[in-house]
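Analysis of the macromolecular model
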Amino acid sequence: MDFILREWTEEDAETLAACANNPKIAANLRDVFPCPYTLADARAYINGCAAGPEEKQLCRAIAIDGQAAGSIGVFLGDDVYRRSGELGYWLAEPYWGQGIMTRAVEQICREAFDRFVIDRIYAEPFARNQGSRRVLEKAGFRLEGVMRKGVYKNGETLDYCMYALLRP
């Protein structure tokens with residue numbers, strides 16, 4: 001299935017809210033991703049992407065058939081982490097397992113390495129999130145370690161993984 005990565009627009013808010021309002025998505029993301037996900041949450045996210053400094057973040061909608069169906073971004077670190085970027089992403093459930101996210105990760109990482117002076121891009125999926133881990137591995141990321149009992153989500157202490165892709 002074809003997709004494009006593009007900047008978020010205010011017109012994406014309703015579609016974003018509908019796609020993101022899924023407990024299965026929220027279960028694999030940090031608590032800052034609300035559940036339920038409302039239209040107000042969608043508008044705040046889109047405004048945050050637009051207001052964020054371009055020299056510190058690359059935040060894109062994953063659009064399928066002209067409609068936002070997910071989000072992906074690379075966010076630069078500060079201080080001693082200033083040469084690293086954190087990758088974050090999610091995709092609407094109807095599009096899972098179709099290879100879209102692997103290609104989106106590859107594309108945004110190429111763009112981030114071209115745009116920013118960074119040496120690595122990292123991601124921290126929960127260890128139980130096999131789908132996300134496969135996406136990263138297919139996109140060339142390497143598992144650097146498992147942080148045992150490193151996160152607390154929905155009443156559970158979970159392991160998470162550290163994956164990284166180094167500048168080619």
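Every residue gets a number counted from 1 within its own chain, in the order that chain's sequence is written. Confidence filtering applies because this is a predicted model: local features only for residues at pLDDT of at least 70, side-chain atom pairs given and counted only at 80 or more, and all residues used for totals across whole chains, interfaces and linings. Calculated side-chain values reflect all of the structure's heavy atoms, with hydrogen atoms and water omitted.

Our focus in this paragraph is the overall build of the chain. Helical segments are the DSSP runs of H or I of at least four residues, strand segments are the runs of E of at least two, and each set is numbered from the N terminus. When helices and strands are counted, the chain shows five helices and seven strands. Reading the helices (α) and strands (β) of the chain from amino to carboxyl end gives β-α-α-α-β-β-β-α-β-α-β-β. Computed over its C-alpha atoms, the radius of gyration of the chain comes to 15 Å, within 12% of the 15 Å expected for a compact globule of 168 residues. In terms of its C-alpha atoms, the chain occupies a principal-axis envelope of roughly 40 × 35 × 35 Å. Type-normalised accessible area, obtained with a 1.4 Å probe on protein chains alone, sets the label of each residue: buried when under 20%, exposed when over 50%, and partly exposed for intermediate values. The 168 residues of the chain split such that 46% are buried. A 1.4 Å probe and the Shrake-Rupley method give the accessible areas. Residues count as covered only by the protein chains that appear here. When the accessible surface of the chain is summed, it comes to about 9,300 Å², and 50% of that surface belongs to carbon and sulfur atoms. Charge convention: Lys and Arg are scored as positive, Asp and Glu as negative, and His as well as the terminal groups of each chain are ignored. Throughout, a charge is located at the NZ atom of Lys, the CZ atom of Arg, the CG atom of Asp or the CD atom of Glu. Counting 21 positive and 24 negative side-chain charges, the chain places the centres of these two groups 7 Å from one another. Two things to know: the radius of gyration comes from C-alpha atoms, and the globule rule equals 2.2 Å times the number of residues to the power 0.38.

Counting rule for disulfides: a pair of cysteine sulfur atoms within 2.5 Å. This structure, assessed with the given rule, holds one disulfide. In this model Cys161 remains outside any disulfide bridge; the closest cysteine sulfur is found in Cys109, 17 Å from its own.

Attention now goes to the side chain of Lys153. Relative to the elements of secondary structure, Lys153 occurs in strand E6 (residues 142-153). A polar contact of 3.1 Å, which involves the side chain of Lys153, links it to the backbone oxygen of Ala26. A polar atom in the side chain of Lys153 sits 2.8 Å from the backbone oxygen of Leu29. Apart from the residues within four sequence positions on either side, Lys153 is in contact with Ala26, Ala27, Leu29, Arg30, Asp31, Phe126 and Leu158. Residues adjacent in sequence count toward polar contacts only when both atoms are side-chain atoms; beyond that, a polar contact is any pair of N or O atoms within 3.5 Å, and within protein one must be able to donate a hydrogen and the other to accept it. Contact criterion: two residues are considered in contact whenever any of their non-hydrogen atoms come within 4.5 Å of each other.

Taken together, the buried positions of helix H1 (residues 13-20) are occupied by Ala13, Leu16, Ala17, Cys19 and Ala20. Structurally, H1 contributes buried residues whose contacts are with helix H2 (23-26), helix H3 (39-51), strand E3 (67-76) and strand E4 (84-91).

Below, the discussion takes up the packing of aromatic side chains. When two rings of Phe, Tyr or Trp (its six-membered ring) have centres within 6.5 Å they constitute a pair, described as stacked for plane angles under 30 degrees, edge-to-face for angles over 60, and tilted for the intermediate range. Applying the stated criterion across every chain yields a total of three aromatic pairs. Ring geometry for Trp8 versus Tyr45: centroids 5.8 Å apart, planes at 90°, classification edge-to-face. Taken together, the positions of Trp8 in the loop between strand E1 (4-6) and H1 and Tyr45 in helix H3 put the pair 37 residues apart, joining distant regions of the chain. For Trp8, a relative accessible area of 10% puts it in the buried group. With centroids separated by 5.8 Å and ring planes inclined at 70°, the aromatic side chains of Phe33 and Trp90 adopt a geometry described as edge-to-face. Here Phe33 is found in the loop between H2 and H3, whereas its partner Trp90 is found in strand E4, with 57 residues between them in sequence. In this structure Phe33 comes out as buried when scored by relative accessible area, which is 12%. Residue classification places Trp90 among the buried positions, given a relative accessible area of 10%. Members of the aromatic cluster, each reached through a chain of ring pairs, are Phe33, Tyr37 and Trp90.

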